[in-house]
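Structural description and commentary
What follows is each chain in one-letter form.
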Amino acid sequence: LSSDEAFSGTNAITNTSAYKNIIPNQQRLYVRLVNNTTGCFSSQTSFDLIVNPLPFANSVGNLEICDNNEDGSAQNGFVQTFDLESQTATVLGDQDPNQFTVTYHASETDAEQGILPLLSPFSNSVPFAQTIYMRVSNEISGCANGITSFDVIVNPEPKALDISNLSACDNEIDGFDTNGIIQNFDLDNEIEAILGPDQSPSDYTVTFHSTQADATSGDAPLLSPYQNAQANQQTIYVRVVDNATGCVNDDLTFELIVDPLPTFTVNPFEIICLNDIPFTLEIQSALTVYDYTWEDDQGNSYTGEEIEIRNGGTYTVIASTTDGTNCSRM
């Protein structure tokens, strides 16, 4: 343990194959070399035992990301964009990144052996949640610590089920019944159908937007009931947010369609002479795309493009579309 002991040959270390240093970090040992024949010796050699500390791996939080459509599905639990190296600074803490290296591995064995490091950006091979093991190594001493780990978690994108377009007949609430604008589209009534039976409205937030950019950012949500801003037909963009994960689905759209009312004319006033009875009331320039229903002031109904009358009075006619829109006008 000292140069004097090496010179005198006393207190020689005997457990040379499993020696435990008694001075931490760095300890000098002295060597005595003896010629067994002549008894001559040398005690001029020494060397140091150096104990390098293991690198320290600080614990890190899990990496969470929302699923996307890059692999064709936003619900399968796989993504290609995990930035593993975003954990490096936290893992190292105060350790010099120029001296210490962090590598990422798919198993604890790979981390301990320093083999098969994962590249970043990383695509998980286990759906939804996969454990990643980190190896911190000191490039100068070669010491390594490969035990710490964290999980990469893929949260599925919420579902947004296709719904039918919303159609309504034009009305005159705004003073015009031919401008393709109505005021009472009930957007909120569609939320349950958009979420479907497996997603509770209390767990998700559904908003409606007039542009794709607004649906993506969440800006300018539309209020319900909604007045369409584009006459006759307007595209509505849907944003569904998972309240727990913050994941967003902004892929769904549907149309607001304002169907026109029938257009037709009748003479509003007719004088009937007694010798002209029965008298025919008729639609002027009647169209086959409408059904016509007449009613007299006694509540009797008649169908057709014309009606024969025998008495004076008030007669009304309603034209209804036959193309499935079910719009009508008196």
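The following refers to the structure shown. Computed from a predicted structure; not experimentally measured.

**Here's the deal with the packing of aromatic side chains**
In total, this model carries 5 aromatic pairs according to the counting rule given. Arranged with centres 5.6 Å apart and planes meeting at 75°, the rings of Phe 7 and Phe 41 form a pair that is edge-to-face. In this pair, Phe 7 is assigned in helix α1 (residues 3-8) and Phe 41 in strand β2 (residues 41-50), connecting sequence segments 34 residues apart. On the basis of relative accessible area, Phe 7 is assigned to the exposed category, the value being 54%. What makes Phe 41 partly exposed here is its relative accessible area of 36%.

**Some thoughts on the sheet that holds strand β15 (residues 301-303)**
The 4 strands lie next to each other as β15-β14-β17-β18, forming an open sheet whose pairing is antiparallel. At either margin of the open sheet sits one strand with a lone partner, and together these are β15 and β18 (328-329). Note: strand β14 (residues 290-295) against β15, 3 bridges, orientation antiparallel. Looking across to β15, one finds that Trp 294 is bridged to Tyr 302.

**Details of the environment of Cys 247**
Turning to its location among the elements, Cys 247 is positioned in the loop between β10 (233-242) and β11 (248-249). Accessibility expressed as a relative area gives 0% for Cys 247, which makes it buried. In this structure the C-alpha to C-alpha distance between Cys 247 and Thr 314, which are 67 residues apart in sequence, comes to 62 Å. If we skip the residues at most four places from it in the chain, Cys 247 touches Cys 66, Asn 155, Pro 156, Glu 157, Pro 158, Val 240, Val 241 and Asp 242.

Here is what the cut-offs are and how they apply
Residues numbered from 1 in each chain as written. Predicted model: local features only at pLDDT ≥ 70, side-chain atom pairs only at ≥ 80, totals over all residues. Heavy atoms only, no water. Phe/Tyr/Trp six-rings, centres within 6.5 Å; stacked < 30°, edge-to-face > 60°. Helix = DSSP H or I, 4+ residues; strand = E, 2+ residues; numbered from the N terminus. Buried < 20%, exposed > 50% of the residue type's maximum accessible area, 1.4 Å probe, protein only. Pairing = 2+ DSSP bridges. Contact = heavy atoms within 4.5 Å.

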